[in-house]
Amino acid sequence: MSKREAFLEAACKENVEDFLRFIQLHKDKTDPLDVEEVVQEMPRDQRQTLWGKLSSLLQDVLQQCPPERWEDAGEEGMEVESAADPKHVMAVVDGVTLVAAVSLKVLQDGDTYSALLEIVHRLHDVLVVLPVSEASLPLHILTLCEAWWKTELKEKEKFGRTAFHISLQKSFMLKKPGTEIQRVWSLHNVLLSLDYASEDNTPITDLLVQCFHRHVYIKNDDGKRFLVFLFSWNVNFIPVIHSTIKNVLEFYSKPMTTSITEVYFRAWKKASGEFLESIENSCIQDFMQCAILLHRTSPVHAKVRQIVSYFHTRKGSNQLDKMLYNLYKPILWKYLSTPNFEVRANATLLFTEAFPLYDPDLNIKNTDEAIQKQLDIAMGLLDDPHPTVRSTAILGICKILAKCWEVLPPTIISDFLKKLVMELASDSSSPDVRCSVFKCLTIVLDNPLSHPLLVKLLPTLKYSLHDNSEKVRVAFLDMLIKVKAVRAAKFWDVSNMDHLLARLAKDSHPVSKRIVDLLFKSFFPVNESEKEWCCRCITLIQMNPMAARKFYQFAHKHTAPTNIIKLMLAIRRVLNSSIQTDLELSEINDSNKENSMRAEPLLGKDMAVVSRLLEILLIHWKSIEKAFKHNEEAHKYTVAKFGNVMPKYLQAFEDEQCTVPLIKLASLMPPAAVPTFSCGVLSRLRRIDPGAAPTEYGQLLDCMCSWGQAGNILELITDWLTEALPKQADKANTNRKVRIQETVEAKPDVALAFLHYLLSHTSTRQKVLSLGEGPLKQLHTVLGNWRSVLDTHLSSVTEDPKTPAVETALKVFTFHGRLSAHLQHDCSEGRDYLLSLEHVAVWVAERVLPFLTKQTNDDDEKEEGENSPPLAAQITESFLTLCRDVFLVGLADQTFKGQILHLCSLTLLSEAGYLCIPAVLPILKEVADSYQPEDSEHAEENQEGETTVVLGVVANIFQKIIELLARRLRKEPEEGKRLCQSAVPGLTDFLTVAEASDRASLCGVFSTLCAIIIVEIMHLLQKITHPEEMITPESVEDMPPLSSVLLSVILKSTSVTRAFLTEVTSSSDSETFNSLNELAAILHVLAVIKHTGQCKAGLKNAATSVQLHLHKNAVTSVDGGDIQRVIYESSVKTLNDILDL
């Protein structure tokens, strides 16, 4: 039996396994069986028989297991137990699809294919039922439908529509939809057979709209072709497409916008008739109007401008020129004269970009007249009253000049440039306009034909370098850089060199770096010799020393580190020649005679030039430090060269302006490179006198730290502080290693000055703290021992000349605390140094506070009392200020907070504790701030309890502070006012934190404020003896002293004011204040707040609450005396004024 007969016999339900075996052999590439060859070799009647039998087989298997039951089945065919198994059915359907597909290829004219059509119908129905997926069976059926449509057989529209629809859906689903997009494009003509208006095609229409949302379609070449085709499908579909694109345009990237613009442009080029008209009027002209009418801040405006500009850039063809002319004609000229400046500016941008707009069908004369009219309009736009329009017109006109210079009349060009240079470049009303002139002249400079005319005009702009607007100066310099780059003119003819250097010396970084860019080749010609570089360096210094410093700060950005080193060595040779160093004389005479002869007369003994050269050496060294790290050999060579001559420099250049850069230069080299100098630095530090300025020792300390000798400085500081202690003056530490030869007396003030410098500068502080805990702990101990000096001063009646000054002891006390904080942060894993501060707190409580409360009666004790309280207050305040800093940097733990709050309480309970109120308030602020809600959301319940206790203590201390302020105002009004004023900053910060907290514990803060203010005002009302004395206050100055201060603090912040009014309302509602005088006092407060205009809603709420209680006092007040009646009437009037807001 032949293969044809065997295959034909297998195509039935009874022999289905044989059929599947044939299909499997066809798929097996190693087997010679090819179904397509078998079908092709069949006679026509056998093929018809085959199709009939396959149709029956397909019908039978689909009846046994419809496609709806295939969902859980796998794709691949495999051994099955029953014919109704979904996998078996799918294998049969796939085999029938394969035979149908190869039958299409061998179908000949005149063949009867009704049975084949029946097969394709059934497969089509299967495809429609199956979900859209990447499975192989739906893909094979889809390919069959596509092939049927392309073969143009009967009912091709049905199969083509389905294939197109499913391909569209798949192109949206797949991660790599390139193949499906290609299939969609191959089936695009299917759309021509579809009725756009039919509801049956709505799903396809919706998918077509979605194509414009998909990046894959817009980026893919076949996708673009398809999108272009959609513009020609149905004229009514064009507005739908355009509306869709406008809706998603905001989300397009710049490349995406360019791609969608290409789609519009290609669609317009291919369109004709009503399609062309629709694209032009509904799409392109709409984009033009949007580009004009949209706000520039709109996220869509830039995208619309990009689309319109795409058409402008393709001007040149008659078709496009005519289209732009026709579409702009009804809208552009109208919008150029509209009252809205932004619309005029947008229209100006489009007009100048599309220039010239003309009808190619007009004759030359009419075209020239139209263009001349447009040029007149452009000139008029330069005089627009709004600077935005003028700036836009400047940009547009410069683009026109650059593009059309060859075809524009010379008089027109000259008029435009004179207008720009002579008038608009000095437009005093707008720096933006002036900036636009210089930015846009660079566009004109791109056209070489403009250079002869600009050379004559640009020098008139020289004073723009000194424009009071930085961005104008930057734009002017960018223009000069452009002038230099295109060699249009010599930039120094436009702006004088002296002016450039003067501006370089004092201007900001953006301006300075551009001046350096402009001048770099002039003063650092890399193609010249090092001798020439050095000569120009000296010339630059002589012209403007400050400009020279700035210039060389930027030099490393314009040339290689190698050139910087060469210049440094050239400067070294010049400096050597000025002092005739024996070490270098032979080198100079032998290898650099010309340099020596030229450098000597240029430099001579001018110390000003020498100092500037040394500064430039320092600047260069610092600028290439990173390069030195990558090239150790270059670093060693440079260090050796300068190390050899440093002693001579230090000996020859003794002027202070020379020694400063020399010492800094030495600090950048290893100490071994400058042994003579490095060995004497510590001795020089020992000889520093008390009261010396930081400039005398700061650089020496920097040197020691940079050389890794910070430990020697600490040792010196520790020695001096130890020796200055009275009890330790005769106890020498024999174990200490001494690094100096001469004996110098102890200088505790100098030691503290050194310590202050070391801890106040980041670089030196890092070096000191990196020494580790050992030497620092020793210094910490010595600093702590100085508390005995403070003890002596506190307890002594007369001053002992042998005891260090109290000012010195106070400074040591402060540095002990500062060092404790640094050590806790950098050197301690536990809380050792917090514990040290807690011990100091105990010392303050036990040894200092008693003197803050000490009062005596006899003269001697009175004198002691006058001396001790200020010192005790200074000690307490300095310690509390230090603790505030510890809180501020987050080093304090719960125990430390509690200890310091306890000290604050003890301080305020002291008789003169009120003096420390300004120091206590910042402590309260930092403690309260550390318990803000966001920091304790995840706290455990026991921590929450601790927080409540601590904040309760804070509120109690604040209440004590308010009471002390009130007491001092009663006893010593003048002193009390000064005290209140000194407490204002602390009160302001604390109330801000208290308002931001939602802790119930801090609510008492505003209760305290409310109570003290109301009580003070109420007492004032009680003293009224005559009706004329009843005056409603209008400002805080009209309030009693404490209320005036507190209200001034409250009114600084709207949120604090709102919180205060909430407390007033709450107190009034709870009848805490219900007497007439109390309510009148509240209304006085509300009247003051009313005149500030703050918190109107809160003010009304408070006034409404008072109103309810005020009416209850009406009868009492009328029956009472005149004063009560006056208070009541005044209160009612004030209340009415507030409620009339």
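As the structure is a computational prediction, the values presented were derived from the model and not from experiment.

Caption draft 1: Representation of the overall build of the protein chain. Looking only at helices and strands, the protein chain features 58 helices and zero strands. Computed over C-alpha atoms, the radius of gyration of the protein chain comes to 46 Å, more than 25% over the 32 Å expected from 2.2 N^0.38 for 1141 residues, which places it beyond the range of a compact globule. If you line up the protein chain on its principal axes, its C-alpha atoms span 140 × 110 × 80 Å. For the protein chain, buried positions account for 52% of its 1141 residues. In the protein chain, the proportion of contacts linking residues at least 24 apart, taken out of those at least 6 apart, comes to 73%. Summing over all exposed atoms, the protein chain offers an accessible surface of approximately 52700 Å²; the carbon and sulfur share of this is 50%. Computing the positive centroid from 121 side-chain charges and the negative centroid from 146, the protein chain places the two 7 Å apart.

Caption draft 2: Just empty space enclosed by the protein, in detail. As enumerated under the stated definition, the model contains three cavities of 30 Å³ or more in all. If you add up the space inside the second largest cavity, you get close to 50 Å³. Lining the second largest cavity are Leu127, Leu130, Pro131, Val132, Ser133, Pro138, Leu139, Leu142, Ile166 and Lys170. Broken down by secondary-structure element, the contributors of at least two residues to the lining of the second largest cavity are helix 7 (136–151) and helix 8 (156–173).

Caption draft 3: Broad picture of the packing of helix 39 (residues 694–706) against helix 41 (residues 748–760). Running from N to C, helix 39 and helix 41 cross one another at 60 degrees; their axes reach a closest spacing of 10 Å. As far as their axial angle goes, helix 41 and helix 39 are oblique. For the element pair helix 39 and helix 41, the recorded crossing hand is right-handed. Taking contact as the criterion, the partners of Tyr697, Gly698, Gln699, Leu701, Asp702 and Cys705 in helix 39 are, on helix 41, Ala753, Phe754, Tyr757 and Leu758. The class makeup of the residues in the contact of helix 39 with helix 41 is seven nonpolar, two polar and one charged.

Caption draft 4: The arrangement of the packing of aromatic side chains in detail. Going through the model one piece at a time under the given rule, you end up with 34 aromatic pairs. On the basis of an interplanar angle of 90 degrees and a centroid distance of 6.3 Å, the ring pair of Phe212 and Phe231 is categorised as edge-to-face. Of this pair, Phe212 sits in the loop between helix 10 (202–210) and helix 11 (215–219) while Phe231 is found in the loop between helix 12 (221–230) and helix 13 (237–248), placing the two residues 19 residues apart along the sequence. The burial state of Phe212 is the same as that of Phe231; both residues are buried. In textbook terms, an aromatic cluster arises when at least three aromatic residues are bridged by ring pairs, as seen for Phe520, Phe523, Phe524, Trp533, Phe551 and Tyr552. The ring of Phe265 is capped by Arg314, whose NZ or CZ atom sits 5.9 Å from the centre of that ring. The positively charged end of Arg968 is found above the aromatic ring belonging to Tyr914, 4.2 Å away from the centroid.

Caption draft 5: Representation of the pattern of salt bridges in the model. This model, assessed by the stated rule, comprises 33 salt bridges. Taking the shortest distance from any N to any O, the salt bridge between Asp361 and Lys322 comes out at 2.9 Å. In this pair, Asp361 sits in the loop between helix 19 (341–354) and helix 20 (364–381) while Lys322 sits in helix 17 (residues 318–328), placing the two residues 39 residues apart along the sequence. Overall, Lys322 belongs to the partly exposed group, its relative accessible area being 28%. One salt bridge connects Lys1133 with Asp1137, and the closest N-O pair in it is separated by 3.7 Å. Here Lys1133 pairs with Asp1137, and both are found in helix 58 (residues 1122–1139), just four residues apart, close to one helical turn. Residue Asp1137 is classed as partly exposed on the basis of its relative accessible area, which comes to 36%.

Caption draft 6: The arrangement of helix 20 in detail. When the terminal C-alpha atoms of helix 20 are compared, their 26 Å separation across 18 residues agrees well with the 26 Å that a helix rising 1.5 Å per residue should span. Within the sequence span of helix 20, burial applies to Thr367, Gln374, Leu375, Ala378 and Leu381. On an axial view of helix 20, the arc spanned by its buried residues comes to 115 degrees, and they lie on one face. Exposed side of helix 20, more than 90 degrees from the buried face: Lys365 and Lys373 are the residues found there. Where the residues of helix 20 are buried, they touch helix 18 (332–335), helix 19, helix 21 (387–404) and helix 22 (410–423).

Caption draft 7: Seen up close, a negative patch on the surface. A surface patch of like charges, here negative, comprises Asp655, Glu656, Asp689 and Glu696. Note on placement: Asp655 falls in the loop between helix 36 (632–652) and helix 37 (656–667). Assessed through its relative accessible area of 33%, Asp655 is described here as partly exposed.

Caption draft 8: How the structure looks around the packing of helix 2 (residues 16–27) against helix 5 (residues 86–106). At their nearest, the axes of helix 2 and helix 5 sit 10 Å apart, and the two run at 60 degrees to each other. Taken together, helix 2 and helix 5 sit at an angle that is classed as oblique. Viewed along their axes, helix 2 and helix 5 form a crossing whose handedness is left-handed. In contact with Val16, Glu17, Phe19, Leu20, Ile23, His26 and Lys27 of helix 2, helix 5 contributes His88, Ala91, Val92, Asp94, Gly95, Val96, Leu98 and Val99. Looking at the contact of helix 2 with helix 5 residue by residue, the classes come out as nine nonpolar, three polar and three charged.

Caption draft 9: Main features of unusual backbone geometry. Going from Phe355 to Pro356, the amide bond is cis rather than trans, its omega being -5 degrees. With respect to the helices and strands, Pro356 occurs in the loop between helix 19 and helix 20. Unlike most non-glycine residues, Cys1095 shows phi in positive territory, near 45 degrees. If you trace the backbone, Cys1095 turns up in the loop between helix 55 (1076–1092) and helix 56 (1096–1110).

Caption draft 10: Structural detail: helix 39. With 13 residues, helix 39 should reach 18 Å at 1.5 Å per residue; the first-to-last C-alpha distance of 17 Å fits that figure. Residues of helix 39 that are buried: Tyr697, Gly698, Gln699, Leu700, Leu701, Cys703, Met704 and Cys705. Taken together, the buried residues of helix 39 touch helix 37, helix 38 (675–686), helix 40 (710–724), helix 41 and helix 42 (762–769). Phi turns positive, to about 80 degrees, at Gly708, one or two residues after helix 39.

Caption draft 11: How the structure looks around the nonpolar core. Ranked by size, the top nonpolar core spans 392 residues in total, and within it Phe226 and Phe1060 carry the most contacts. Among the elements that make up this core, the one with the highest residue count is helix 50 (residues 941–971) (twelve residues). Not counting chain neighbours up to four residues away, the residues in contact with Phe1060 comprise Phe1006, Leu1009, Cys1010, Ile1013, Leu1047, Ile1050, Val1085 and Ile1089.

Caption draft 12: Quick peek at the environment of Lys322. The spatial distance from the C-alpha of Lys322 to the C-alpha of Pro360 is 6.2 Å, given a sequence separation of 38 residues. With residues near it in sequence (within four places) discarded, Lys322 still touches Asp359, Pro360 and Asp361.

Caption draft 13: Examining the environment of Trp233 more closely. When you line up the elements, Trp233 lands in the loop between helix 12 and helix 13. The class of Trp233 is buried, set by a relative accessible area of 9%. Among the polar contacts listed, one links the side chain of Trp233 to the backbone oxygen of Leu191, at a separation of 2.8 Å.

Caption draft 14: How the structure looks around the confidence of the model for the protein chain. Of all residues in the protein chain, 90% have pLDDT values of 70 or greater, and the mean over the chain is 84. Below a pLDDT of 50 lies the segment residues 581–602, which in the model reaches 35 contacts outside its immediate sequence neighbourhood of four places, other chains included. Segment residues 935–940 is flagged for pLDDT under 50; beyond a separation of four residues in sequence, or across chains, it makes six contacts in the model.

Caption draft 15: Seen up close, the environment of Lys636. Assignment of secondary structure puts Lys636 in helix 36. Separated by 34 residues in sequence, Lys636 and Pro670 have C-alpha atoms that sit 9.9 Å apart.

Caption draft 16: Focus on the side chain of His451. Tracing the backbone shows His451 in helix 24 (residues 451–457). Taking the relative accessible area as the measure of exposure, His451 reaches 11% and is therefore buried. In this view, His451 contacts Leu445, Val486 and Ala488; residues no more than four positions away in its chain are not counted.

Each value, and the rule that gives it
- Residue indices begin from 1 for each chain and proceed along its sequence in written order.
- For a predicted model such as this one, the threshold for reporting local features is a pLDDT of at least 70, and the threshold for listing and counting side-chain atom pairs is 80 or more; totals across whole chains, interfaces and linings nevertheless cover every residue.
- Computation of side-chain values covers all heavy atoms of the structure but excludes hydrogens and water.
- Working definition: helices are DSSP H or I runs of at least four residues, strands are E runs of at least two. Numbering for both runs from the N terminus.
- Our radius of gyration looks at C-alpha atoms and nothing else; its globule reference is 2.2 Å times the residue count to the power 0.38.
- We call a residue buried when its accessible area falls under 20% of the maximum for its residue type, exposed when it is over 50%, and partly exposed in between, using a 1.4 Å probe and counting protein chains only.
- Two residues form a contact once any of their heavy atoms are found within 4.5 Å.
- Computed with a 1.4 Å probe, the accessible areas rest on the Shrake-Rupley method; for each residue, only the protein chains presented here act as cover.
- In this charge count, Lys and Arg are treated as positive and Asp and Glu as negative; neither His nor the chain ends contribute.
- Throughout, a charge is located at the NZ atom of Lys, the CZ atom of Arg, the CG atom of Asp or the CD atom of Glu.
- Here a cavity means grid points, on a 1 Å grid over the protein atoms only, where a 1.4 Å probe fits yet cannot get out; a pocket means an open set of points with protein on both sides within 12 Å along at least five of seven lines; lining residues are those with an atom within 4 Å of a point.
- Grid points are joined across faces, edges and corners, and a volume is the space filled by probe spheres set on the points.
- Every axis corresponds to a line fitted to the C-alpha atoms, with the helix fit spanning only the stretch in contact, and the corresponding angles, defined between N-to-C directions, vary from 0 to 180 degrees.
- Put simply, angles under 35 degrees are roughly parallel, angles over 145 are roughly antiparallel, angles from 65 to 115 are roughly perpendicular, and the rest are oblique.
- Note on convention: near helix rotated counterclockwise from far helix by under a right angle means a left-handed crossing. Clockwise means right-handed.
- Three categories are distinguished: nonpolar for Ala, Val, Leu, Ile, Met, Phe, Trp, Tyr, Cys and Pro, charged for Asp, Glu, Lys and Arg, and polar for the others, with Gly belonging to the last.
- Aromatic pairing here means that ring centres of Phe, Tyr or Trp (its six-membered ring) are within 6.5 Å. Orientation follows from the plane angle: under 30 degrees is stacked, over 60 is edge-to-face, and everything else is tilted.
- Only when the NZ of Lys or the CZ of Arg is both within 6 Å of the ring centre and within 35 degrees of the ring normal is a charge said to sit over the ring.
- Salt bridge, as used here: a side-chain nitrogen of Lys or Arg that lies within 4 Å of a carboxyl oxygen of Asp or Glu.
- Working rule for helices: expected span equals 1.5 Å times residues minus one.
- Summarising the geometry, the arc corresponds to the directions from the helix axis toward the C-beta atoms.
- Like-charged residues within 9 Å of one another, or nonpolar side chains (Val, Leu, Ile, Met, Phe, Trp, Tyr) within 5 Å, are grouped into patches, provided each residue has over 30% relative accessible area and no salt bridge.
- Working definition of a nonpolar core: buried Ala, Val, Leu, Ile, Met, Phe, Trp, Tyr and Cys residues. They are joined through side-chain atoms within 4.5 Å.
- Residues adjacent in sequence count toward polar contacts only when both atoms are side-chain atoms; beyond that, a polar contact is any pair of N or O atoms within 3.5 Å, and within protein one must be able to donate a hydrogen and the other to accept it.
- pLDDT expresses, on a scale from 0 to 100, how confident the predictor is about each individual residue.

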